[in-house]
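Residue-level listing of the chains:
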Amino acid sequence: MSRYADQMFSAGDVAAMAARNIQVLDENGIAPRTAPATLDEVVGLAALARGRLWSSMDDLDAAIEAFENAAGSPAGAIAAEGLAFLGSALTMRGELGAATEVLERAVASGHRRFGSMAAVDLAMILVDRGERDRALALLRQARDAGELAGTMAAVNLGTMLARRFGDVEGGVAELRIAAADGAPLIAAGGLFNLATLLEENGDRAGAERAYRDAAELRQPMFSGKAALNLALLLRGGMDVEGERAAYRLAAEVGEPAEQAEADRMLLMLDALSGPA
């Protein structure tokens, strides 16, 4: 450890950070690794990092080149990740034929996380080509893998059935499956999208329950949005106190932009209600 690092972190700090990292790995079902990375892994990880950097800078050509290097890695997990990101980048560049081939390889890798991510992207291409049954099968496969890709797949499956194919009943059924999932993030995503679908189709009471349940799971991406939508729904029903409570919940569970919006609306409600 360098002299500068010694000044920044004590041995206790390092031990605490290591313990927290191990806890995070355990919470996500990832076994901690003690063996050093191989040369192939170091090279592959560097290529992935370059690809993500170029992607963030909207330089798809450079990102694709980096992800191609990662996809050729002898390390299976790195290759699967490279293929998944390469397929996504090719899709964004409009090269759907090449993207389909790459995403097929990523799915075939069987990698729980990156194979599932690729399945979600591939399903979107297939549905645009009219291959409904295969697209839905891929989404179900990715949903069952869990993790963030599972959340995306579970939500896309229900919304695709309802909004792309007009099967509202089937979409609601799939979103209810997602809403009952044991993974809080998947459940929150299912509940939020179930609520929007129910609201669009006139089931105000069902939408209110689903928004409330999604908000109370306190999950990023969904809970703050659910609380804000709940507030708007209650406003439509002239339930001012319920609306106020929903904004308070959004200010508590939402992400920064959602918290700011909730605070703004609470100030507005206070101004409208006047002095006590």
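Residues numbered from 1 in each chain as written. Predicted model: local features only at pLDDT ≥ 70, side-chain atom pairs only at ≥ 80, totals over all residues. Heavy atoms only, no water.

## Side note on the packing of helix α5 (residues 76-92) against helix α7 (residues 114-128)
It is at 9 Å that the axes of α5 and α7 come closest, and there the two elements cross at 20°. Judged by the inter-axis angle, α5 sits roughly parallel to α7. Along this stretch, α5 crosses α7, giving a crossing that reads as left-handed. Across from Ala77, Ala80, Glu81, Ala84, Phe85, Ser88 and Thr91 in α5, the residues of α7 making contact are Phe114, Met117, Ala118, Asp121 and Ile125. (Axes fitted to C-alpha atoms, helices over the stretch in contact; angles between N-to-C directions. Helix = DSSP H or I, 4+ residues; strand = E, 2+ residues; numbered from the N terminus. Parallel < 35°, antiparallel > 145°, perpendicular 65-115°, else oblique. Left-handed = near helix turned anticlockwise from the far one by under 90°. Contact = heavy atoms within 4.5 Å.)

## Some points on helix α12 (residues 204-216)
When the terminal C-alpha atoms of α12 are compared, their 18 Å separation across 13 residues agrees well with the 18 Å that a helix rising 1.5 Å per residue should span. Of the residues making up α12, those classed as buried are Gly206, Ala207, Ala210, Tyr211, Ala214 and Ala215. On an axial view of α12, the arc spanned by its buried residues comes to 160°, and they lie on one face. The secondary structure elements touched by the buried residues of α12 are α11 (184-200), α13 (223-236) and α14 (240-253). At the exit of α12 stands Arg218, carrying a positive phi of roughly 55°. (Expected span 1.5 Å × (residues − 1). Buried < 20%, exposed > 50% of the residue type's maximum accessible area, 1.4 Å probe, protein only. Arc of directions from axis to C-beta.)

## Regarding unusual backbone geometry
Positioned with a positive phi, Asp58 is a non-glycine residue whose angle comes to about 60°. Of the residues examined, Asp58 reaches a relative accessible area of 69% and is grouped as exposed.

## Digging into the packing of α5 against helix α6 (residues 96-108)
It is the contact of α5 with α6, at a shortest axis distance of 8 Å, that shows an interaxial angle of 160°. The orientation of α5 with respect to α6, classified from their angle, is roughly antiparallel. Seen from above, α5 lies across α6 with left-handed handedness. Seen from α5, the contacting residues are Ala80, Leu83, Ala84, Leu86, Gly87, Ser88, Leu90 and Thr91; seen from α6, they are Leu96, Ala98, Ala99, Val102, Leu103, Arg105 and Ala106. By residue class, the composition of the contact of α5 with α6 is eleven nonpolar, three polar and one charged. (Nonpolar A, V, L, I, M, F, W, Y, C, P; charged D, E, K, R; others polar.)

## With respect to the confidence of the model for the protein chain
Within the protein chain, residue pLDDT values average 85, and 85% of them lie at 70 or more. For the stretch residues 1-7, pLDDT sits under 50, and the model shows two contacts to residues farther than four places along the chain or on other chains. (pLDDT = per-residue confidence, 0-100.)

## Points about the nonpolar core
Grouped together as the largest cluster of nonpolar side chains are 38 residues, with contacts concentrated most on Leu86, Leu138 and Leu139. Taken together, the elements giving at least two residues each to this core come down to α3 (39-56), α4 (60-71), α5, α6, α7, α8 (132-145) and α9 (147-164). At nine residues, the largest contribution of residues to this core is made by α7. For Leu139, the contacting residues outside a window of four places in its chain are Val120, Ala123, Met124, Ala153, Asn156, Leu157 and Met160. Residues Ala179, Leu197, Phe222 and Ala231 belong to the second largest nonpolar core, which totals 33 residues. (Core = buried A, V, L, I, M, F, W, Y, C linked by side-chain atoms within 4.5 Å.)

## Description of the packing of aromatic side chains
Aromatic ring pairs are reported here in terms of the distance separating the ring centres and the angle at which the planes meet. Taken as a whole and assessed by the stated rule, the structure comprises four aromatic pairs. Centre to centre, the rings of Phe85 and Phe114 are 6.4 Å apart; their planes meet at 50°, and the pair counts as tilted. Highlighted residues: Phe85 in helix α5 and Phe114 in helix α7, separated in sequence by 29 residues. Members of the aromatic cluster, connected to one another through ring pairs, are Phe67, Phe85 and Phe114. A cation over a ring is seen here: Arg132 above Phe165, with NZ or CZ 4.7 Å from the ring centre. (Phe/Tyr/Trp six-rings, centres within 6.5 Å; stacked < 30°, edge-to-face > 60°. Lys NZ or Arg CZ within 6 Å of the ring centre and 35° of its normal.)

## A look at the side chain of Ser73
Looking at the element boundaries, Ser73 is found in the loop between α4 and α5. Within the local environment of Ser73, its side chain forms a polar contact with the backbone nitrogen of Ala75, the two atoms lying 3.0 Å apart. Beyond its immediate sequence surroundings of up to four residues, Ser73 is in contact with Asp40, Ile78 and Ala79. (Polar contact = N/O pair within 3.5 Å; in protein donor to acceptor, adjacent residues only side chain to side chain.)

## A word on the pattern of salt bridges
Note on pairing: side chains with opposite charge can pair once their charged atoms come close. Summed over the entire model, instances satisfying the criterion amount to 17 salt bridges. Measuring nitrogen to oxygen at the nearest pair gives 2.6 Å for the salt bridge that ties Glu200 to Arg163. Pair noted here: Glu200 is in helix α11 and Arg163 is in helix α9, with a separation of 37 residues, a long-range link. What makes Glu200 exposed here is its relative accessible area of 52%. The salt bridge partner of Glu258 is Lys225, with a shortest N-O separation of 3.1 Å. Remark: Lys225 occurs in helix α13 and Glu258 occurs in helix α15 (residues 256-273); sequence separation between them is 33 residues. Residue class for Lys225 comes out partly exposed when judged on its relative accessible area of 34%. Among the charged side chains, a salt-bridge network with shared partners connects Asp61, Arg93 and Glu95. (Salt bridge = Lys/Arg side-chain N within 4 Å of Asp/Glu carboxyl O.)

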